[in-house]
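Next come the chains, spelled out residue by residue.
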Amino acid sequence: MSEELLARDRTMRDTVITARGLSKIYKSKREGLVEALAPTDFTVKRGEFICLVGPSGCGKSTLLKILAGIIPQSGGDFQIHHDAKKKINCDVGLVFQAPVLLPWRTVIENTMLPAEVLEMDLGHARERASDLLRMVGLNGFETSYPGELSGGMQQRCAITRALLHDPSLLLMDEPFGALDAMTRDTMNLELQRIWAESGKTIFLITHSIPEAVFLADRIFVMSPRPGRVVDEIRPDLSRPRGLRSTTTPEFGATVRRIRELLGLEAGDRPYVD
């Protein structure tokens, strides 16, 4: 095999998501056809931490739901591990803004839900659940109920549930948006640690530009609706990142650059953050 073909093969094996011309049009009784997502292209490499930012209503969540197999695209195509997905992909873990824990089930029972749905070996799954709960600092709370946990602890449980079946890709839609600022900082540090220890690929949507700069290897910036990825920013920050990273000139310059792209500087049109 030639060097060119070997290089292409390595690139393919290292690519987790490939999207080409991915788009979505909704039918609305009031507005007729609504273009939520304009044709957009991007790739995500294995082990990357990608953040997606953009104005409210630009199609960020629509894009994530397409990748998760929850809704179909209207045009274009995408592949996860080089396979076109027509239904929910078991190699993907999902975390949403609300933890969506079952209140009548304990922490360990909520974490075990994917094992029951996917008919995994329950003994092995319970061992993995215990390991994951230790990893996120919830050991000792296995028999607690969601109502007995703080918001941050509930979201940690949601993350362990998403990781239980060992997916290679984690899709996260505003996972910390409902948390207070201090808890959100703590969860960002925790997520960075989980990502580093697990080796997963993470694709995270956020309205917070500083959060995106703190977490991401690359930041995809979306246009207003109909949204599409219009630029890509690589924060020039070493890892692991601590909260002191947010006070560096490099951090501030990256935040300003993204705000400029979104029209937030010099009194430009408002943007919901």
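Before going into details, it helps to say that this report is about the structure given with it. (Residues numbered from 1 in each chain as written. Predicted model: local features only at pLDDT ≥ 70, side-chain atom pairs only at ≥ 80, totals over all residues. Heavy atoms only, no water.)

Let us look at the side chain of Lys24. For Lys24, the position within the fold is in strand S1 (residues 15-28). Buried charged residue Lys24 carries no salt bridge. Nearest counter-charge: Glu35, at 12 Å. Polar contacts involving the side chain of Lys24 include one to the main-chain carbonyl oxygen of Pro72, which spans 2.8 Å. Contact partners of Lys24, with chain neighbours within four places excluded, come to Val34, Glu35, Ala36, Leu37, Thr62, Ile66, Ile71, Pro72, Gln73 and Ser74. (Helix = DSSP H or I, 4+ residues; strand = E, 2+ residues; numbered from the N terminus. Buried < 20%, exposed > 50% of the residue type's maximum accessible area, 1.4 Å probe, protein only. Lys, Arg positive; Asp, Glu negative; His and termini not counted. Salt bridge = Lys/Arg side-chain N within 4 Å of Asp/Glu carboxyl O. Polar contact = N/O pair within 3.5 Å; in protein donor to acceptor, adjacent residues only side chain to side chain. Contact = heavy atoms within 4.5 Å.)

Here the focus is the layout of surface pockets. Of the pockets and cavities examined, the largest pocket occupies roughly 520 Å³. Breaking the lining of the largest pocket down by element, the ones donating at least two residues are strand S6 (92-95), helix H4 (113-117) and helix H6 (151-163). When grouped by side-chain class, the residues that make up the lining of the largest pocket number 17 nonpolar, 3 polar and 1 charged. Forming the boundary of the second largest pocket are Ala181, Arg184, Asp185, Asn188, Ser208, Pro210, Glu211, Phe214, Leu243, Thr246 and Phe251. Contributing elements (two or more residues each) for the lining of the second largest pocket: helix H7 (181-198) and helix H8 (209-215). (1 Å grid on protein atoms, 1.4 Å probe; cavity = no way out; pocket = protein on both sides within 12 Å on 5 of 7 lines; lining within 4 Å. Points joined across faces, edges and corners; volume = space filled by probe spheres on them. Nonpolar A, V, L, I, M, F, W, Y, C, P; charged D, E, K, R; others polar.)

As a further point, take the pattern of salt bridges. In this structure the tally under the stated criterion is 14 salt bridges. Note that Asp166 is salt-bridged to Lys200, the shortest N-O span being 2.4 Å. Of this pair, Asp166 sits in the loop between H6 and strand S7 (169-173) while Lys200 is found in the loop between H7 and strand S8 (201-205), placing the two residues 34 residues apart along the sequence. With a relative accessible area of 44%, Asp166 lands in the partly exposed category.

On to H6, then. End to end, H6 covers 19 Å across 13 residues, agreeing with the expected 18 Å (1.5 Å per residue, within 8%). Within H6 the residues assigned to the buried category are Gly152, Met153, Gln155, Arg156, Cys157, Ala158, Ile159, Thr160, Arg161, Ala162 and Leu163. (Expected span 1.5 Å × (residues − 1).)

Moving on: the sheet that holds strand S9 (residues 218-222). Read across the sheet, 6 strands follow the order S6-S7-S8-S3-S9-S10 without closing on themselves; strand pairing throughout is mixed. Where the open sheet ends on each side, the last strands, each with one partner, are S6 and strand S10 (229-233). Ignoring strand direction, the axes of neighbouring strands in this sheet form an average angle of 20 degrees. Bridge analysis of S6 against S7 gives 4 bridges, and the strand direction is parallel. When the bridges of S7 are listed, Gly93 appears paired with Leu170. In this fold H6 packs onto S6 and S7, with an angle of close to 165 degrees to the strand it touches most, S6. Helix-sheet contacts for helix H9 (residues 249-261) involve strand S3 (49-53), S9 and S10, and the interaxial angle to S10 is about 170 degrees. (Pairing = 2+ DSSP bridges. Axes fitted to C-alpha atoms, helices over the stretch in contact; angles between N-to-C directions.)

This brings us to the nonpolar core. Formed by 47 residues in total, the largest nonpolar core has its most connected members in Ile219 and Ile258. Discounting residues that sit within four places of it in the chain, Ile219 has contacts with Cys51, Val53, Ala212, Val213, Asp231, Glu232, Ile233, Pro235 and Ile258. Among the nonpolar cores identified, the runner-up in size contains 25 residues, and Phe42, Val44, Ile66 and Leu169 belong to it. (Core = buried A, V, L, I, M, F, W, Y, C linked by side-chain atoms within 4.5 Å.)

Moving on, we come to unusual backbone geometry. Note the cis peptide between Arg225 and Pro226, where omega equals -5 degrees. The topology assignment puts Pro226 in the loop between S9 and S10. Following Arg239, the chain continues into Pro240 via a peptide bond in cis, with omega recorded as -5 degrees. With respect to the secondary-structure elements, Pro240 resides in the loop between S10 and H9. Not every positive phi belongs to a glycine, and Glu174 is a case in point at roughly 50 degrees.

Among the residues examined, Lys200 registers a relative accessible area of 9% and is labelled buried. As a C-alpha pair, Lys200 and Arg46 span 154 residues in sequence and 7.7 Å in three-dimensional space. Setting aside residues up to four positions removed in sequence, Lys200 forms contacts with Gly47, Glu48, Leu163, Asp166, Pro167, Ser168 and Trp195. Here the side chain of Lys200 touches Pro167 through a polar contact of 2.9 Å, landing on its backbone oxygen.

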